Amino acid sequence: MANYVRAFFLSLIFVLPLAHSEVQSVIEMPSAKFAIGDDMARAAPEFDDSQWVTLSTLKNYEKQGFENYDGYSWYRFHVNIPSSLRTTVLWDHRLRIYLSSVDDVDQTFLNGTKIGEMGQFPDDSRGYSTRWNGIRTYYVDLATNLVRWDADNVMAVRVFDGSGGGGFYRDMPTLSLAEITDGLSLDLGKTQVAYGHEQFTAQTYWSNEFPVELVGRMDYEVYDSAADAVLSSGFKPLEVPANGSAQVPISAPQRAGIEVRFHFRDASTGVVHHETYHAPYLLTPPESLKPRLNGAKVLGARPGSPIYYRVAATGRLPLKLTATKLPKGLTFDAAEGVISGSVATRGDYRILLSAANELGHAEMNLSLKVGDSLALTPPMGWNSWNAYGLNVNADKVRAVADALVSSGLAAHGWTYVNIDDGWESAKRHADGRISTNAKFPDMKGLSGYLHQKGLRFGIYSSPGPETCGKFLGSLGHERQDADVWAEWGVDYLKYDLCSYELTMPKEPSLADHQKPYQVMHDALAAQSRDIVFSLCQYGSKDVWKWGHEVGGNLWRTTGDIEDTWRIVKEIIDSQNRSAPYAQPGHWNDPDMLVVGEVGWGGDLHPSRVTPDEQYTHISLWSLLAAPLLLGNELTHLDPFTKNLLTNDEVLAIDQDVLGHAAQRVYHQDDWDVWVRELADGRKAVGIFNFGKGFRRLNIAQLDPALALDAPMRDVWRQRPIGRLTREFEAAVPEHGVLLLTVGSAHH
Ligand code: GAL
């Protein structure tokens, strides 16, 4: 070996370890002592945990020998916190404790003193509330002297798990010191955005959660990722009061691929804080003032069952709506735009809908199939879970129903209003009948309120003794519950496995999984109204292969969604296997939408999924023929979210009557291309860029079904973009999509 080569390797050997022995700035906590049960004495540092087992903090305790345990437990971490940590920051005042997530509720103590909590324990006077997916970051003020430097510190975490996985399960919990600017963040909920023709302006809102004033300068640059160029830059002297906020105005082009990069420099410490704002941009063109009929073109009902159909129509008001050729038994309320009644005789009926105003006239044929099938297109509407969690109540649900109509969403086909967990009484009546808790004083009144607007009413239960939220489940009372729901006027049931798992054999067979759903299906089918049946068992035993056999109209294919790109992407990556099983009346459900403001009963915040990721989310769910169930606070609908949810051409892909879900035809180099066959002969094509930065992909060769020379239409922008050539490249922002239709429609 030549000398210089040897010298190079020697230097590696000697230099690298030195570099590694540099002061550690992050302390990892991959494991902890663990015991089930509850005792507040366990919070004390001197508590003897020597007999406790040691568990990994990277997977839930069910996977480490505590199968099916729900209830209280404690984790205890023994950590030496080196004083050298204090040299790793410029501002030496706060210890940061990052716990990642704790399923479902935690209360955390450092050396015996409580330093943070998330969720509500069952004995909480406000009621139990899970925050299983919440990210816990707690700060300890070093002035409290709670930290024992260079000595054993005990961090004790009291945990409650309501159902499913429990305890620590996600990323590595860590300790580190915070910088002065770590309490600073861009609050998207309070940032005000105004959309102009080509530009947008925003008052970006910066909040400071540390009790220390920040004085410094905010630099920002507008970066165009499509052109890889900085378009403009600026700065503003900035003072953010302790626990206060400040605003920074910006303006930038309103188009795909724009990022605003912020750098705040604190004058006293020199600490720089970076943040990137993925700028929102509207793709759906302004709604036409001419009349237009939207929404599902086919409706399924059983003979004699009540029908509610709200005509979805847009255009300048006043709009004159008509529904003609109605079969016997149906009437039309022109003021509300609602068809209701029931049809006794089986058959395929064609109802003619029309909408007219001073600018024109539109017509649409609605095909009503009276037979055995429901949900002939995927249900569209709203569910309470992602916004309110267990804190849902009747007033909130009414407000959502009002908002569906007043915001205009109902005019684009969003009509289900589904109550998730949290409506049930604590006990059944003596005769076994279920009732509501105080938050829902009058279910029948509530459903009447929805029906009169032509909206549909959904409810939730579990086949086990308890729901996931620890409310009453339907075990042993299936028929009785179905009867009660039918009396209340329920149109939709989400049936969530949860505690039923505890009643199953250790290695449940397919039949064990099917049974509870079959039992409930029979109870629903015996009602004299139609109740869409939604299975929620997270995809166990490939439910997409048999969900329809037990009467499922839809079935969850995954665990719970959350408003992070990581989870949305995980869900996307798992959908290809179930896609071929979607068909009219039977849909795969990749879970509810995480757009707008969500919060699961905790603090409502704008979805952390970026604008491009939200375009991906809605596009892919539509390609998949997935149920579109909003989970947001509808009474605060911001312009971006409204624009995202009212694109009739996108929604028409979801609601296409052929009912075929897209197939993934290309999955390489962080690109996905999904193609869905539409009833009119066109293909809907989604080209998704899951890689870094703005990228381009030539799609002409990817799928033989995409005929060269076929006309293409940009679905979000609702405009033709020429014909497919060999050279055509889809230009797609990071984590974004280009959604096309390819081909000509045959009528
Ligand atoms: C989960 C379910 C959620 C929500 C929740 C209610 O199991 O996946 O969507 O329904 O239970 O407790």
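Residues numbered from 1 in each chain as written. Predicted model: local features only at pLDDT ≥ 70, side-chain atom pairs only at ≥ 80, totals over all residues. Heavy atoms only, no water.

**Q** How should the sheet that holds strand 41 (residues 671-677) be read in this particular structure?
**A** Whenever strands of a sheet pair, they do so through backbone hydrogen bonds, lying parallel or antiparallel. Strand order in the open sheet made by the six strands is 40-41-42-47-44-45, with antiparallel pairing throughout. In the strand order of this sheet, the two ends are held by strand 40 (663-668) and strand 45 (719-723), each with one partner. Taking each pair of neighbouring strands and ignoring which way they run, the sheet shows an average axis angle of 25 degrees. Sheet analysis places strand 42 (residues 683-689) next to strand 47 (residues 737-742), joined by six bridges and oriented antiparallel. (Pairing = 2+ DSSP bridges. Helix = DSSP H or I, 4+ residues; strand = E, 2+ residues; numbered from the N terminus. Axes fitted to C-alpha atoms, helices over the stretch in contact; angles between N-to-C directions.)

**Q** Looking at this structure, how should I read the pattern of salt bridges?
**A** One side chain can pair with another of opposite charge once the charged atoms of both are near each other. Scanning all chains against the criterion turns up 35 salt bridges. The salt bridge partner of Lys453 is Asp402, with a shortest N-O separation of 3.3 Å. With a gap of 51 residues between them, Lys453 in the loop between helix 4 (443-452) and strand 32 (456-461) and Asp402 in helix 3 (residues 394-406) connect regions that are remote in the sequence. When its relative accessible area of 13% is taken as the criterion, Lys453 is described as buried. For Asp402, a relative accessible area of 31% gives the class partly exposed. Residues Arg556 and Asp591 are paired through a salt bridge, measuring 3.4 Å at the closest nitrogen-oxygen approach. Residue Arg556 is found in strand 35 (residues 554-556), and its partner Asp591 is found in the loop between strand 36 (587-589) and strand 37 (597-598); the two are separated by 35 residues along the sequence. Asp591 carries the same exposure label as Arg556, and that label is buried. Three or more residues are tied together by salt bridges with common partners; here these are Arg556, Asp560 and Asp591. (Salt bridge = Lys/Arg side-chain N within 4 Å of Asp/Glu carboxyl O. Buried < 20%, exposed > 50% of the residue type's maximum accessible area, 1.4 Å probe, protein only.)

**Q** Can you help me understand the site of the ligand in this one?
**A** Around the ligand, a shell composed of 13 residues is seen, among which Asp420, Asp421, Lys494, Asp496 and Asp560 lie nearest. A distance of 2.8 Å separates an oxygen atom of the ligand from a polar atom in the side chain of Lys494. Expressed as a share of its isolated accessible area of 310 Å², the protein-covered part of the ligand is 94%. Split by residue class, the shell around the ligand holds six nonpolar, one polar and six charged. (Near = heavy atom within 4 Å. Polar contact = N/O pair within 3.5 Å; in protein donor to acceptor, adjacent residues only side chain to side chain. Areas by Shrake-Rupley, 256 points an atom, 1.4 Å probe, with all protein chains shown as cover. Nonpolar A, V, L, I, M, F, W, Y, C, P; charged D, E, K, R; others polar.)

**Q** Sorry if this is basic, but what is going on with helix 9 (residues 611-623) here?
**A** Structural remark: α-helix, 3.6 residues per turn; residues separated by three or four positions point the same way. Along its 13 residues, helix 9 runs 18 Å from first to last C-alpha, staying within 8% of the 18 Å computed at 1.5 Å per residue. After helix 9 finishes, the residue Ala625 shows a positive phi value of roughly 55 degrees. (Expected span 1.5 Å × (residues − 1).)

**Q** How should the packing of helix 5 (residues 478-488) against helix 7 (residues 510-525) be read in this particular structure?
**A** When two helices pack together, you describe them by how their axes are tilted relative to each other and by the distance separating the axes. Between helix 5 and helix 7, whose axes approach to 9 Å, the crossing angle comes to 40 degrees. When the axes of helix 5 and helix 7 are compared, the pair comes out oblique. The handedness of the crossing between helix 5 and helix 7 is right-handed. Between helix 5, through Glu478, Arg479, Ala482 and Trp485, and helix 7, the contact on the second element is made entirely by Val519, Met520, Ala523 and Leu524. Class assignment for the residues of the contact of helix 5 with helix 7 results in six nonpolar, no polar and two charged. (Parallel < 35°, antiparallel > 145°, perpendicular 65-115°, else oblique. Left-handed = near helix turned anticlockwise from the far one by under 90°. Contact = heavy atoms within 4.5 Å.)

**Q** For this particular structure, what's the right way to read the packing of helix 8 (residues 565-573) against helix 9?
**A** Interhelical geometry of helix 8 versus helix 9 gives an angle of 25 degrees and a closest axis separation of 11 Å. In terms of axis orientation, helix 8 runs roughly parallel to helix 9. Both helix 8 and helix 9 take part in a crossing whose hand is left-handed. Residue-level contacts link Trp565, Val568, Ile571 and Ile572 of helix 8 to Glu613, Thr616, His617, Leu620 and Trp621 of helix 9. Of the residues that constitute the contact of helix 8 with helix 9, the class distribution is six nonpolar, two polar and one charged.

**Q** Explain unusual backbone geometry to me, please; I cannot follow it from the model alone.
**A** For residues other than glycine, phi is negative in most cases, and the peptide bonds are mostly trans. Between Asp103 and the following residue, Asp104, the backbone shows a cis peptide bond with an omega angle of 10 degrees. Assignment of secondary structure puts Asp104 in the loop between strand 6 (102-103) and strand 7 (105-110). In the Ramachandran plot, Asn243 falls in the positive-phi region, its phi being about 50 degrees despite a non-glycine side chain. Summarising the element assignment, Asn243 is placed in the loop between strand 17 (229-240) and strand 18 (245-253).

**Q** Explain the packing of aromatic side chains here, please?
**A** Any two aromatic rings considered together are summarised by their centre-to-centre distance and by the angle between their planes. Tallied over the entire structure, the rule returns 29 aromatic pairs. Considering the side-chain rings of Phe77 and Phe168, the 5.4 Å spacing of their centres and the 70 degrees angle between planes classify their relative orientation as edge-to-face. With Phe77 in strand 4 (residues 71-80) and Phe168 in strand 11 (residues 167-168), the pair connects residues that are 91 residues apart, well separated along the chain. Exposure remark for Phe77: the relative accessible area of 1% places this residue in the buried category. Residue Phe168 is classed as buried on the basis of its relative accessible area, which comes to 0%. In this structure an aromatic cluster arises from ring pairing among Phe34, Tyr61, Phe66, Tyr69, Tyr75, Phe77 and Phe168. The aromatic ring of Phe210 is capped on one face by Arg94, whose charged end is 5.3 Å from the ring centroid. Across the ring face of Tyr223, the terminal group of Arg261 is positioned such that the distance to the ring centre comes to 3.9 Å. (Phe/Tyr/Trp six-rings, centres within 6.5 Å; stacked < 30°, edge-to-face > 60°. Lys NZ or Arg CZ within 6 Å of the ring centre and 35° of its normal.)

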